[in-house]
Amino acid sequence: MKLGVMGGTFDPIHMGHLVTGEEARYEFGLHRILFVPSARPPHKKERRNSPAADRVRMAELAVEGNSHLGVSDIEVRREGLSYTVDTLRALHVMHGAATELYFITGADAILEILTWKDPAELLAEAYFIAATRPGYPLERLHEALPALNSHGEAAGSRVFTLEVPALAISSTDIRDRVAAGRPFRYLVPDPVWSYITEKRLYL
Ligand code: ATP
Ligand code: MG
């Protein structure tokens, strides 16, 4: 089985995340995409996230009706900081060593991968898909790829790129819009829009 894994704070999950997951599924022949909201991302300590329960629930609402997409709360249930390498290890235990994991992330984050915890093991646990928008300058990524692909014991190419239709959507912008009373409907799936509105998140 080929399992796509998309980590993030998902505060809130939005159309950019879903389009990326769907595109990766199609382009790489993945059987399923799992969205994994993180509890305590090592890189984002400065901002207080919404409660994990809200972020997990919004992700569940977002994937409803698409049997290829799922949500996992493993990072939320785990103690301490949410390191990707720990998540990939746990997913391999749960789904079997033969399952191929594809970690999907933004191209900018991929450039920092060697600064993440246990980079060699990280690259051995999963393939990486760096999502970019069409026209995104890939020079920096292509310059970094040889170093990434030859890192550690993982043989062969471990990092791929994927162009995703341009979506200038970010969770930060959505939170700002909600706080300012500006429209954000259709930047997120309708049930997520209703949830944010009803629970008065980000005000
Ligand atoms: P924030 O603004 O709070 O950082 P975000 O929109 O970047 O939120 P994250 O939860 O940080 O969302 O991102 C999860 C993953 O989704 C990351 O790998 C990020 O690169 C990717 N991503 C975020 N926005 C988009 C988008 N519009 N299109 C494609 N991928 C995206
Ligand atoms: Mg982000």
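Residues numbered from 1 in each chain as written. Chains lettered and ligands numbered in written order. Predicted model: local features only at pLDDT ≥ 70, side-chain atom pairs only at ≥ 80, totals over all residues. Heavy atoms only, no water.

> Account for the environment of Arg182, naming residues and giving values.
Tracing the backbone shows Arg182 in the loop between helix H8 (171–180) and helix H9 (190–199). Between the alpha carbons of Arg182 and Ser194 there is a distance of 15 Å; along the sequence they are twelve residues apart. (Helix = DSSP H or I, 4+ residues; strand = E, 2+ residues; numbered from the N terminus.)

> Tell me what's going on with the sheet that holds strand E5 (residues 126–132), and back it up with residues and numbers.
The six strands are arranged E3-E2-E1-E4-E5-E6 in an open sheet whose pairing can be described as parallel. The strands lining the two open edges of the sheet, one partner per strand, are strand E3 (69–71) and strand E6 (159–163). Strand-to-strand twist across the sheet, computed as the mean angle between neighbouring axes with direction ignored, equals 30°. As paired elements, strand E4 (residues 100–106) and E5 share six bridges and run parallel to each other. Following the sheet pairing, Phe103 is matched in E5 by Phe128. With respect to the sheet, helix H1 (residues 15–28) is in contact with strand E1 (2–8), strand E2 (32–37), E3, E4, E5 and E6, its orientation differing from that of E6 by roughly 120°. Lying on the sheet, helix H4 (residues 84–95) is in contact with E1, E2, E4 and E5; it crosses E4 at an angle near 150°. (Pairing = 2+ DSSP bridges. Axes fitted to C-alpha atoms, helices over the stretch in contact; angles between N-to-C directions. Contact = heavy atoms within 4.5 Å.)

> Explain unusual backbone geometry to me, using residue names and the numbers behind them.
That bond from Asp11 to Pro12 is cis: its omega, 5°, falls within 30 degrees of zero. Mapped onto the fold, Pro12 is located in the loop between E1 and H1. Residue Tyr202 is not a glycine yet carries a positive backbone phi of 65°. For Tyr202, the location among the structural elements is in the segment after H9.

> Explain the pattern of salt bridges to me, and be specific about the residues and the numbers.
In total, this model carries ten salt bridges according to the counting rule given. Between Arg77 and Asp73 there is a salt bridge whose closest N-O contact spans 2.9 Å. Residue Asp73 is classed as partly exposed on the basis of its relative accessible area of 31%. One continuous salt-bridge network, built from bridges that share partners, spans Asp86, Arg89, Lys117, Asp118 and Glu121. (Salt bridge = Lys/Arg side-chain N within 4 Å of Asp/Glu carboxyl O. Buried < 20%, exposed > 50% of the residue type's maximum accessible area, 1.4 Å probe, protein only.)

> Any chance you could break down the environment of Gly80 for me, citing the residues and the numbers?
With respect to the helices, strands and loops of the structure, Gly80 is situated in the loop between helix H3 (74–77) and H4. In this structure Gly80 comes out as partly exposed when scored by relative accessible area, which is 39%. Placed 40 residues apart in sequence, Gly80 and Arg40 show a C-alpha to C-alpha distance of 7.0 Å.

> Any details on helix H2 (residues 52–63)? Residues and values, ideally.
With twelve residues, H2 extends 17 Å from end C-alpha to end C-alpha; this agrees with the ideal 16 Å at 1.5 Å per step. Here H2 has its buried residues at Asp54, Arg55, Val56, Met58, Ala59, Leu61, Ala62 and Val63. Check the buried side of H2 and you find it contacts H1, E2, E3, H3 and H9. (Expected span 1.5 Å × (residues − 1).)

> Please give an account of the layout of surface pockets that cites residues and values.
As a volume, the largest pocket reaches approximately 1,300 Å³. Counting residues per element, the ones that place at least two in the lining of the largest pocket are E1, H1, H4, E4, helix H5 (107–111), E5 and H8. Broken down by element, the lining of the largest pocket gets its largest block of residues, four residues, from E4. Per-class residue counts for the lining of the largest pocket are 18 nonpolar, 19 polar and nine charged. (1 Å grid on protein atoms, 1.4 Å probe; cavity = no way out; pocket = protein on both sides within 12 Å on 5 of 7 lines; lining within 4 Å. Points joined across faces, edges and corners; volume = space filled by probe spheres on them. Nonpolar A, V, L, I, M, F, W, Y, C, P; charged D, E, K, R; others polar.)

> Before we move on, can you summarise the pairing of E5 with the specific residues and values?
Extensive coverage of E5 is indicated by the burial of six of its seven residues. Taken together, the five bridges between E5 and E6 define a ladder with parallel strand orientation. Bridged to Ile129 within E6 is Phe160.

> I'd like a description of the nonpolar core, backed by residues and values.
Judged by nonpolar contacts, the single largest core of 32 residues is most densely connected at Ile13, Leu30, Phe35, Met58, Ile129, Val192 and Ile196. A per-element tally of this core places H2 first, with five residues. If you look at the next biggest cluster of nonpolar residues, it comprises 24 residues, including Val5, Val85, Ile113 and Ala130. (Core = buried A, V, L, I, M, F, W, Y, C linked by side-chain atoms within 4.5 Å.)

> Break down the pairing of E2 for me, with residues and values.
For E2, the tally of buried residues reaches five of six residues, placing the bulk of the element in the interior. Summarising the sheet, E1 and E2 pair through six bridges and their orientation is parallel. Opposite Val5, over in E2, you have Leu34 as the bridge partner. Bridging between E2 and E3 involves three bridges; their strand directions are parallel. Bridge assignment links Leu34 to a residue of E3, and that residue is Gly70.

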